[in-house]
Amino acid sequence: MKYLKYVGALLFAFIVYTFLYLPILVTILFSFNESKVQVLPIKKLTFDWYRGLFSNTELWVAAKNSLLVSLPATLCAIVFGTLAAYLFQRYRIRGGSFLQFLILLPYILPGIIIGTSLNLLFKFLQVDASLMTVIIGHITFITPVVMFLVMDRLKRFDRNLEFASMDLGASPMRTFLLITLPNIRSAVLAGALLGLTISFDEVIVSFFLIGTDNTLPMLIWSMIRHGYSPQINAVYTLIVLFSLGLIAIAGSRLFAQRNSKAITEE
Amino acid sequence: MYGKNLMLIMISIWVLLFIVLPVSAMLLFSFWSIDNFQIVHSFSIQNYSKIFQDPIYLSLLWKTIKLALIVAVLSALISYPLALFVNHRRGTMKTILFLGVLAPLWVGYLVRIYSWRSILGESGFINSLLVLTGILKQPSSSLLFNSSAVVITMLCIAIPFTFIPIYSAIEKIPGNLLQAAADLGASGSRAFWTVVFPLSMPGVVTGFMFAFITSFGDYMTPSLVGGTSGIMYGNMIQTQFGNSYNWPLGAALSMIMLLFLLAVIAATRRIGNVQAIFEE
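Residues numbered from 1 in each chain as written. Chains lettered and ligands numbered in written order. Predicted model: local features only at pLDDT ≥ 70, side-chain atom pairs only at ≥ 80, totals over all residues. Heavy atoms only, no water.

Chain B is annotated in an unreviewed UniProt entry as Binding-protein-dependent transport system inner membrane protein of Paenibacillus sabinae T27. UniProt's Subcellular location (unreviewed entry) comment on chain B is quoted here verbatim: "Cell membrane". Under the UniProt heading Sequence similarities (unreviewed entry), the note attached to chain B is "Belongs to the binding-protein-dependent transport system permease family. CysTW subfamily." (UniProt positions renumbered as here; feature names shortened; annotations may be inferred.)

With an unreviewed UniProt entry as reference, chain A is termed Binding-protein-dependent transport system inner membrane protein, source organism Paenibacillus sabinae T27. As stated in UniProt under Subcellular location (unreviewed entry), the record for chain A gives "Cell membrane". UniProt lists a comment for chain A under the heading Sequence similarities (unreviewed entry), and it reads "Belongs to the binding-protein-dependent transport system permease family. CysTW subfamily."

Laid out in C-alpha cells, this is it:
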C-alpha cells in the first residue's frame, strides 16, 4: 500500500514536471530539426538554424538592445530595491507597509496595467517611446524582486554586528558599507541575476513602451506573428540555456549562504 | 535620522514616478474621449458608460473571470500535491526539484506560449505523436485556437506562481507539530487535515490569487493560441492601443481591470500572505 502510494506520487510529479518543461523541451528538440515543419518523426538533424543566427544582423541588434535595457534597469533596481529593503527593515515608518505594498504592485499586477499606464504617462508628457521608456518600465518590476530578496536576508542578519560597529564609532554609512553590505551581498547578487533574467525575457510591458528599436523578445514576437521559423527555436534554446544558467547561479548563491548559516547556528 | 529621511524621500520619489503618476495619467485619459481620431480633452464618463452598457465588454469581462478562475483552481489543485512531494524530499534533490518548478517563472515566457501553439497545432507535436502511434488516423484541428488551449497554456505559466507560496507555507510548518499529532494518536491523514492543511491555507490563497491575476491580465496567450473564440479582456485593451487608436477607451478598460484586481488582492490579503512568495 505504502509502496503504491510512493509510485503514485512519483508518477504524479513526473507528469507535472513534464507538463512544465514540455514546451521548452520541444523547442530545443525542433531547433535541431532540418524540416521546416514541426512534425514527428524527426528525419534529419542539423545545426543550420544555429548557423543562420550568425548572419541574422537583426537578431544581434535586438539582443544588444535587450542588454541596453536590462543592464541599466537592473542597476537602478538594485539601488532602489536595496535602499527600500534597508529602510523598511531597519526603521519604523508610518505608512511603511502601504509604501511597501505600492512598490510590490508592479510585480503582482499583470504587465498590461504597468504597460498601459506608463504608456499613457509618456503620451501625456509627450515623451517619445524609445529604449529609455522601456528601461523605466522594467525598473518597476525588477525593484520589488530585489527588495524582497534583500529584506528577507536583512531579517535573518544579526543586527548586533551593526550596533557594535556604530558603538566603535563608525558612521551609519560606513557601517552599511563595511558590515551590512558584505552580509547581504549574495541576496543583492541573486536579485540582480533574477532581475536580468526577467528583464531579458520580458515582452508584455515592453510591448506598450517600445519605440522603433526592438528588444529580442519583441523581435521574436513580430517573427512569431509572421509565421513559424525554426530559427526562433534556435534563438530561444540559447536564451533558455543562458537564463537557466543565471538562475542556477542565483539559486546556488542563495542556498549556499542559507545552508552555511544553518550550520553555524547549530 | 538624516539618513532615514533621505532614504524615505528617495523611495517616495520612486513610488511617485513609477506608480502614482502612471496611474494618475491613466485615470485622466480614461475620462477623456475620442472624436474623429482626435482626443477630446474634456471630462466625460462616456468610456465607462459605454463599457457598462455594451454587452460585448461585460460578457468578455465575465468570460475572462471564468477562465482565470478555472486556471487558478486547476493550478492550486496541481501545485498543492506537488509542494507536498517536493517538501518530502531531502538534501540536494529537494533543492533541484524546488528550483526546477521555479525556473520556468523567469525563462522563455513568450517561447512557451509559442511552443504550446506548435505542440497543439494540427501539424504539431501531439498530433504527429498520436498519428505515429496509430491512436488517431487524421491529425485533429480541435486542440488549438479555443479556450481549452488557452487554459492549458496559462496553466503551464501559472503553476510556478501558485507553487511558491504554497510550498513556503508547507515548509514553514514545524516538524514537531506533526510529531505531537502522531504522539497523541492521530493517523497520517488526520494529522494532515487538522494540522498541515489549515496552516498551509494562507499559502494556497496567495497562490490562487497569483494564478488568477496573471491569467486574468494575459493577452499574449489568447492572441497566440486562443483563436477568435479564445479572446480575453486583455486583448480588448491591447486593441485600443494598437489598431483602434482609442487610448481613452483603453485607459478606461485598463482602469477597470486595475480596480477589479486591487479588490481581488484586498480580499485575499486578509487571509493570504503576499510577501511569502519572496521568502523561501
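Participant: Sorry, what's going on with the overall build of chain A here?
Facilitator: For chain A, the helix and strand inventory stands at eleven helices and zero strands. For chain A, the succession of helices and strands along the chain, N to C, is α-α-α-α-α-α-α-α-α-α-α. Referenced to the eigenvectors of the C-alpha coordinate spread, the extents of chain A come out at roughly 70 × 70 × 35 Å. Burial statistics for chain A: of 266 residues in total, 55% are counted as buried. By sequence separation, contacts in chain A at least 24 residues apart represent 72% of the contacts at least 6 residues apart. Total accessible area on chain A stands at roughly 12800 Å², and carbon and sulfur atoms take up 68% of it. Charge centroids of chain A, computed over 21 positive and 13 negative side chains, lie 5 Å from each other. (Helix = DSSP H or I, 4+ residues; strand = E, 2+ residues; numbered from the N terminus. Buried < 20%, exposed > 50% of the residue type's maximum accessible area, 1.4 Å probe, protein only. Contact = heavy atoms within 4.5 Å. Areas by Shrake-Rupley, 256 points an atom, 1.4 Å probe, with all protein chains shown as cover. Lys, Arg positive; Asp, Glu negative; His and termini not counted. Charge placed at Lys NZ, Arg CZ, Asp CG, Glu CD.)

Participant: I'm lost on the confidence of the model for chain B in this one. Help?
Facilitator: Residue and element names in this part refer to chain B. For chain B, mean pLDDT is 87; residues scoring 70 or higher make up 95% of the total. Averaged over each element, pLDDT in chain B is lowest for helix α6 (residues 125-132) (80) and highest for helix α3 (residues 55-88) (95). For this predicted complex, the interface confidence score (ipTM) comes to 0.88, while the overall pTM stands at 0.90. (pLDDT = per-residue confidence, 0-100.)

Participant: Teacher, can you tell me more about the environment of threonine 140 of chain A here?
Facilitator: Its place among the elements puts threonine 140 of chain A in helix α6 (residues 131-155). Residue threonine 140 of chain A is classed as buried on the basis of its relative accessible area of 0%. Each C-alpha atom, one on threonine 140 of chain A and one on alanine 77 of chain A, is 7.8 Å from the other, the two residues being 63 residues apart in sequence. Here threonine 140 of chain A is in contact with Pro106, Ile114 and Leu118 of chain A together with Trp14 and Phe18 of chain B, once residues within four sequence places are set aside.

Participant: Help me out: how do you make sense of the UniProt feature "transmembrane region" (unreviewed entry) in chain A in this one?
Facilitator: Residues and elements named next belong to chain A. Within this numbering scheme, the UniProt entry marks residues 7-32, 67-89, 101-125, 131-151, 187-211 and 231-251 as carrying the feature "transmembrane region" (unreviewed entry). As annotated, residues 101-125 has a helix share of 92% and a strand share of 0%, and its two end C-alpha atoms lie 26 Å apart. In residues 231-251, helix accounts for 100% and strand for 0%; the two terminal C-alpha atoms are 30 Å from one another.

Participant: I tried to follow the side chain of threonine 268 of chain B on my own but got confused; where do I start?
Facilitator: All names here are of chain B. Inspection of the secondary structure assignment puts threonine 268 in helix α12 (residues 247-269). At 2.9 Å, the side chain of threonine 268 and the backbone oxygen of valine 264 are in polar contact. A polar contact of 3.1 Å, which involves the side chain of threonine 268, links it to the backbone oxygen of isoleucine 265. Ignoring anything within four residues of it in the chain, the contact list for threonine 268 reads Val205 and Met209. (Polar contact = N/O pair within 3.5 Å; in protein donor to acceptor, adjacent residues only side chain to side chain.)

Participant: What's the story with the nonpolar core in this structure? I'm lost.
Facilitator: The tendency in soluble globular proteins is for nonpolar side chains to be buried as a group. Among the nonpolar cores identified, the biggest contains 174 residues, and Phe88 of chain A together with Phe163 of chain B are the most heavily contacted of them. Top contributing element to this core by residue count: helix α7 (residues 147-172) of chain B, with 15 residues. Apart from residues lying up to four places away in sequence, phenylalanine 88 of chain A is in contact with Ile93, Gly96, Leu99, Gln100, Ile103, Met147 and Met151 of chain A together with Ile11 of chain B. (Core = buried A, V, L, I, M, F, W, Y, C linked by side-chain atoms within 4.5 Å.)

Participant: In this structure, what is going on with the packing of helix α7 (residues 160-167) of chain A against helix α8 (residues 172-201) of chain A? I would like to understand it.
Facilitator: The relative placement of two packed helices comes down to the angle between their axes together with the axis-to-axis distance. Residues and elements named next belong to chain A. Here α7 crosses α8 at 135 degrees, and the two axes come no closer than 10 Å. Considering the angle they form, α7 stands oblique to α8. Considering the relative orientation of α7 and α8, their crossing is right-handed. The segment α7 lies against α8, with Leu161, Glu162, Ser165 and Met166 engaging Pro172, Thr175, Ile179 and Thr180. Counted by class, the contact of α7 with α8 contains four nonpolar, three polar and one charged residues. (Axes fitted to C-alpha atoms, helices over the stretch in contact; angles between N-to-C directions. Parallel < 35°, antiparallel > 145°, perpendicular 65-115°, else oblique. Left-handed = near helix turned anticlockwise from the far one by under 90°. Nonpolar A, V, L, I, M, F, W, Y, C, P; charged D, E, K, R; others polar.)

Participant: Would you mind going over the packing of helix α11 (residues 233-241) of chain B against α12 of chain B with me for this structure?
Facilitator: Residues and elements named next belong to chain B. At a closest axis distance of 8 Å, the pairing of α11 and α12 adopts a crossing angle of 155 degrees. Relative to α12, the element α11 is oriented roughly antiparallel. For the element pair α11 and α12, the recorded crossing hand is left-handed. When α11 is examined against α12, the residues Tyr233, Gly234, Met236, Ile237, Gln240 and Phe241 are found in contact with a partner set consisting of Trp247, Leu249, Gly250, Ala251, Leu253, Ser254, Ile256 and Met257. Here the contact of α11 with α12 is composed, by residue class, of ten nonpolar, four polar and no charged.

Participant: Teacher, can you tell me more about the UniProt feature "transmembrane region" (unreviewed entry) in chain B here?
Facilitator: All names here are of chain B. Here, the residues flagged by UniProt with the feature "transmembrane region" (unreviewed entry) are residues 7-34, 65-84, 96-115, 149-170, 191-213 and 245-267. Secondary structure content for residues 7-34 is 86% helix and 7% strand, and the end C-alpha separation is 42 Å. For residues 245-267, the end-to-end C-alpha separation is 34 Å, with 91% helix and 0% strand making up the annotated structure.

Participant: Is there a simple way to think about the interface of chain B and chain A in this case?
Facilitator: Interface size is commonly expressed as the accessible area that is lost once the parts come together. Taken together, the contact pairs 86 residues of chain B with 87 residues of chain A. Here chain B meets chain A over a buried area of about 8000 Å², counting both sides, of which 81% is carbon and sulfur. Summed over the shared surface of chain B and chain A, the number is zero salt bridges. Tallying contributions element by element places helix α1 (residues 2-30) of chain B first for the side of chain B that touches chain A, with 17 residues. (Buried area = accessible area lost by both parts, 1.4 Å probe. Salt bridge = Lys/Arg side-chain N within 4 Å of Asp/Glu carboxyl O.)

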